[in-house]
Amino acid sequence: KLENATAKAELGRASWKLLHTMMARFPEKPTADESQALKSYIQLFSRLYPCGDCAKHFQSMLKQYPPQVGSRNSAAGWACFVHNQVNERLHKELFDCNKIGDFYDCGCGEEDKTKGA
Ligand code: FAD
(Lines give C-alpha, C1' and ligand atoms only; values in the text may rest on other atoms or scores of the structure.)
Protein backbone atom coordinates (compact mmCIF):
# COMPACT_ATOMS: atom_id res chain seq x y z
CA LYS A 1 0.00 0.00 0.00
CA LEU A 2 1.21 3.51 -0.83
CA GLU A 3 2.21 5.81 1.97
CA ASN A 4 -0.52 8.36 2.70
CA ALA A 5 1.20 11.47 4.04
CA THR A 6 -2.09 13.21 4.85
CA ALA A 7 -3.30 10.37 7.07
CA LYS A 8 0.11 10.10 8.71
CA ALA A 9 0.16 13.82 9.53
CA GLU A 10 -3.40 13.73 10.86
CA LEU A 11 -2.57 10.79 13.10
CA GLY A 12 0.48 12.70 14.31
CA ARG A 13 -1.49 15.85 15.16
CA ALA A 14 -4.15 13.88 17.02
CA SER A 15 -1.53 11.89 18.92
CA TRP A 16 0.53 14.92 19.95
CA LYS A 17 -2.65 16.67 21.06
CA LEU A 18 -3.61 13.78 23.31
CA LEU A 19 -0.08 13.42 24.67
CA HIS A 20 0.42 17.11 25.49
CA THR A 21 -3.08 17.46 26.95
CA MET A 22 -2.44 14.46 29.16
CA MET A 23 0.74 16.08 30.44
CA ALA A 24 -1.10 19.32 31.14
CA ARG A 25 -3.47 17.35 33.41
CA PHE A 26 -0.84 15.16 35.03
CA PRO A 27 -0.63 15.83 38.79
CA GLU A 28 1.81 18.46 39.96
CA LYS A 29 2.77 16.07 42.74
CA PRO A 30 2.10 12.58 41.41
CA THR A 31 2.18 9.47 43.56
CA ALA A 32 4.78 6.81 42.69
CA ASP A 33 1.94 4.83 41.12
CA GLU A 34 0.85 7.77 38.93
CA SER A 35 4.42 8.35 37.77
CA GLN A 36 4.79 4.66 36.98
CA ALA A 37 1.51 4.71 35.04
CA LEU A 38 2.70 7.59 32.86
CA LYS A 39 6.05 5.94 32.26
CA SER A 40 4.35 2.71 31.17
CA TYR A 41 1.87 4.61 29.02
CA ILE A 42 4.66 6.36 27.13
CA GLN A 43 6.59 3.12 26.63
CA LEU A 44 3.51 1.29 25.36
CA PHE A 45 2.51 4.26 23.20
CA SER A 46 5.93 4.14 21.53
CA ARG A 47 5.59 0.40 21.03
CA LEU A 48 2.07 0.43 19.63
CA TYR A 49 2.10 3.72 17.69
CA PRO A 50 0.52 2.76 14.35
CA CYS A 51 3.17 4.34 12.08
CA GLY A 52 6.00 1.82 12.26
CA ASP A 53 8.83 4.15 11.21
CA CYS A 54 7.63 6.84 13.63
CA ALA A 55 7.44 4.28 16.43
CA LYS A 56 10.96 3.08 15.72
CA HIS A 57 12.37 6.60 15.83
CA PHE A 58 10.38 7.43 18.92
CA GLN A 59 11.59 4.32 20.74
CA SER A 60 15.23 5.16 20.13
CA MET A 61 14.54 8.70 21.32
CA LEU A 62 13.06 7.35 24.57
CA LYS A 63 16.32 5.55 25.21
CA GLN A 64 18.27 8.76 24.73
CA TYR A 65 15.77 10.97 26.58
CA PRO A 66 13.94 8.88 29.20
CA PRO A 67 10.43 10.17 30.07
CA GLN A 68 10.38 12.65 32.98
CA VAL A 69 7.45 11.65 35.13
CA GLY A 70 8.21 13.26 38.50
CA SER A 71 5.83 16.21 38.14
CA ARG A 72 3.45 17.92 35.71
CA ASN A 73 6.10 20.48 34.78
CA SER A 74 8.79 17.95 34.08
CA ALA A 75 6.41 15.69 32.12
CA ALA A 76 5.05 18.58 30.01
CA GLY A 77 8.57 19.91 29.45
CA TRP A 78 9.80 16.48 28.42
CA ALA A 79 6.95 15.95 25.93
CA CYS A 80 7.55 19.39 24.45
CA PHE A 81 11.23 18.62 24.10
CA VAL A 82 10.75 15.27 22.35
CA HIS A 83 8.10 16.76 20.05
CA ASN A 84 10.66 19.42 19.14
CA GLN A 85 13.20 16.69 18.39
CA VAL A 86 10.69 15.22 15.91
CA ASN A 87 9.97 18.71 14.54
CA GLU A 88 13.65 19.21 13.95
CA ARG A 89 14.01 15.90 12.15
CA LEU A 90 11.05 16.78 9.92
CA HIS A 91 12.36 20.34 9.37
CA LYS A 92 9.40 21.92 11.13
CA GLU A 93 9.28 25.02 13.28
CA LEU A 94 10.21 24.53 16.92
CA PHE A 95 7.71 25.26 19.71
CA ASP A 96 8.69 27.56 22.58
CA CYS A 97 8.37 25.19 25.53
CA ASN A 98 8.17 28.11 27.97
CA LYS A 99 4.73 28.75 26.48
CA ILE A 100 3.39 25.24 27.05
CA GLY A 101 1.61 26.28 30.29
CA ASP A 102 -1.95 27.13 29.19
CA PHE A 103 -1.72 25.93 25.60
CA TYR A 104 -3.33 22.51 26.12
CA ASP A 105 -6.78 22.53 27.68
CA CYS A 106 -8.78 19.34 28.10
CA GLY A 107 -11.99 21.35 28.34
CA CYS A 108 -12.88 19.59 31.55
CA GLY A 109 -12.85 22.69 33.75
CA GLU A 110 -12.47 22.13 37.47
CA GLU A 111 -13.95 18.63 37.62
CA ASP A 112 -11.72 15.97 39.10
CA LYS A 113 -8.96 18.48 39.68
CA THR A 114 -7.84 16.75 42.84
CA LYS A 115 -7.39 13.51 40.97
CA GLY A 116 -5.40 15.30 38.28
CA ALA A 117 -6.84 13.06 35.64
P1 FAD B 1 2.49 18.60 14.66
O2 FAD B 1 3.95 18.33 14.80
O3 FAD B 1 1.57 17.44 14.56
O4 FAD B 1 2.04 19.50 15.90
C5 FAD B 1 0.68 19.84 16.09
C6 FAD B 1 0.61 21.14 16.85
O7 FAD B 1 1.26 20.99 18.11
C8 FAD B 1 1.37 22.29 16.22
O9 FAD B 1 0.57 22.94 15.27
C10 FAD B 1 1.70 23.18 17.38
O11 FAD B 1 0.57 23.98 17.75
C12 FAD B 1 1.90 22.19 18.50
N13 FAD B 1 3.32 21.87 18.73
C14 FAD B 1 4.34 21.83 17.84
N15 FAD B 1 5.48 21.49 18.45
C16 FAD B 1 5.19 21.31 19.75
C17 FAD B 1 5.95 20.96 20.89
N18 FAD B 1 7.26 20.74 20.80
N19 FAD B 1 5.33 20.87 22.07
C20 FAD B 1 4.01 21.12 22.19
N21 FAD B 1 3.22 21.45 21.15
C22 FAD B 1 3.81 21.55 19.94
N23 FAD B 1 5.86 12.01 10.94
C24 FAD B 1 6.75 11.62 10.01
O25 FAD B 1 6.60 11.96 8.85
N26 FAD B 1 7.84 10.85 10.35
C27 FAD B 1 8.06 10.44 11.63
O28 FAD B 1 9.04 9.75 11.92
C29 FAD B 1 7.12 10.84 12.64
N30 FAD B 1 7.27 10.43 13.92
C31 FAD B 1 6.30 10.72 14.83
C32 FAD B 1 6.40 10.22 16.12
C33 FAD B 1 5.41 10.46 17.05
C34 FAD B 1 5.53 9.88 18.43
C35 FAD B 1 4.27 11.24 16.69
C36 FAD B 1 3.18 11.49 17.70
C37 FAD B 1 4.18 11.76 15.41
C38 FAD B 1 5.17 11.51 14.47
N39 FAD B 1 5.08 12.01 13.17
C40 FAD B 1 6.01 11.63 12.23
C41 FAD B 1 4.03 12.97 12.80
C42 FAD B 1 4.58 14.41 12.89
O43 FAD B 1 5.24 14.63 14.14
C44 FAD B 1 3.46 15.46 12.79
O45 FAD B 1 2.44 15.18 13.73
C46 FAD B 1 2.84 15.57 11.40
O47 FAD B 1 3.84 15.71 10.44
C48 FAD B 1 1.88 16.78 11.34
O49 FAD B 1 2.65 17.94 11.61
P50 FAD B 1 2.09 19.37 11.90
O51 FAD B 1 3.00 20.35 11.23
O52 FAD B 1 0.63 19.47 11.59
O53 FAD B 1 2.26 19.63 13.47
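Cut-offs used in this document
- Residues numbered from 1 in each chain as written.
- Predicted model: local features only at pLDDT ≥ 70, side-chain atom pairs only at ≥ 80, totals over all residues.
- Heavy atoms only, no water.
- Helix = DSSP H or I, 4+ residues; strand = E, 2+ residues; numbered from the N terminus.
- Contact = heavy atoms within 4.5 Å.
- Buried < 20%, exposed > 50% of the residue type's maximum accessible area, 1.4 Å probe, protein only.
- Core = buried A, V, L, I, M, F, W, Y, C linked by side-chain atoms within 4.5 Å.
- Disulfide = S-S within 2.5 Å.
- Polar contact = N/O pair within 3.5 Å; in protein donor to acceptor, adjacent residues only side chain to side chain.
- Near = heavy atom within 4 Å.
- Areas by Shrake-Rupley, 256 points an atom, 1.4 Å probe, with all protein chains shown as cover.
- Nonpolar A, V, L, I, M, F, W, Y, C, P; charged D, E, K, R; others polar.

## Quick notes on the environment of V69
Point 1. Note that V69 resides in the loop between α3 (52-64) and α4 (72-89).
Point 2. Residues V69 and P30, spaced 39 residues apart in sequence, show a C-alpha to C-alpha distance of 8.3 Å.
Point 3. V69 has contacts with F26, P30, S35, L38 and K39, leaving out every residue within four places of it along the chain.

## Things to note about the environment of G109
Point 1. Looking at where G109 falls in the secondary structure, it is placed in the segment after α4.
Point 2. For the pair G109 and S40, spaced 69 residues apart in the sequence, the C-alpha separation amounts to 26 Å.

## Quick notes on unusual backbone geometry
Point 1. The residue H91 is not glycine, and still its phi comes out positive at about 60 degrees.
Point 2. As for its placement among the helices and strands, H91 is situated in the segment after α4.
Point 3. Owing to a relative accessible area of 75%, H91 belongs among the exposed residues under this scheme.

## Concerning the nonpolar core
It is characteristic of soluble globular proteins that their nonpolar side chains tend to be buried jointly.
Point 1. M23, L38, I42, F58 and W78 are the most contacted members of the largest nonpolar core, which has 20 residues in total.
Point 2. Mapped onto this core, the elements with two or more residues apiece are α1 (5-25), α2 (32-48), α3 and α4.
Point 3. Broken down by element, this core gets its largest block of residues, 6 residues, from α4.
Point 4. Sequence-distant contacts of F58, defined by excluding residues within four places in its chain, comprise W16, F45, S46, W78 and V82.

## Remarks on the state of the cysteines
Point 1. Scanning all chains against the criterion turns up 3 disulfides.
Point 2. The disulfide that involves C106 links it to C108, with 1.8 Å between the sulfurs. Here the disulfide of C106 and C108 is left-handed, its torsion about the S-S bond being about -100 degrees.
Point 3. Among the cysteines of the protein that take part in disulfides, numbered as they appear in the sequence, the pairing is 1-2, 3-4, 5-6.

## What about the side chain of N84?
Point 1. Relative to the helices and strands, N84 resides in helix α4.
Point 2. A polar side-chain atom of N84 sits 2.8 Å from the main-chain amide nitrogen of F95.
Point 3. Ignoring anything within four residues of it in the chain, the contact list for N84 reads L94, F95 and C97.

## Topic: the site of the ligand
Point 1. Every one of the 24 residues lining the ligand counts as a neighbour, but R13, C80, H83, K92 and Y104 are closest to it.
Point 2. Between R89 and the ligand, the recorded distance is 3.0 Å, taken from a side-chain N or O atom to an oxygen atom.
Point 3. For the ligand, the accessible surface in isolation is 950 Å², of which the surrounding protein chains cover 81%.
Point 4. Secondary-structure elements contributing two or more residues to the shell around the ligand are α1, α3 and α4.
Point 5. With 7 residues, α1 is the largest single contributor of residues to the shell around the ligand.
Point 6. In the shell around the ligand, the residues fall into 13 nonpolar, 7 polar and 4 charged.

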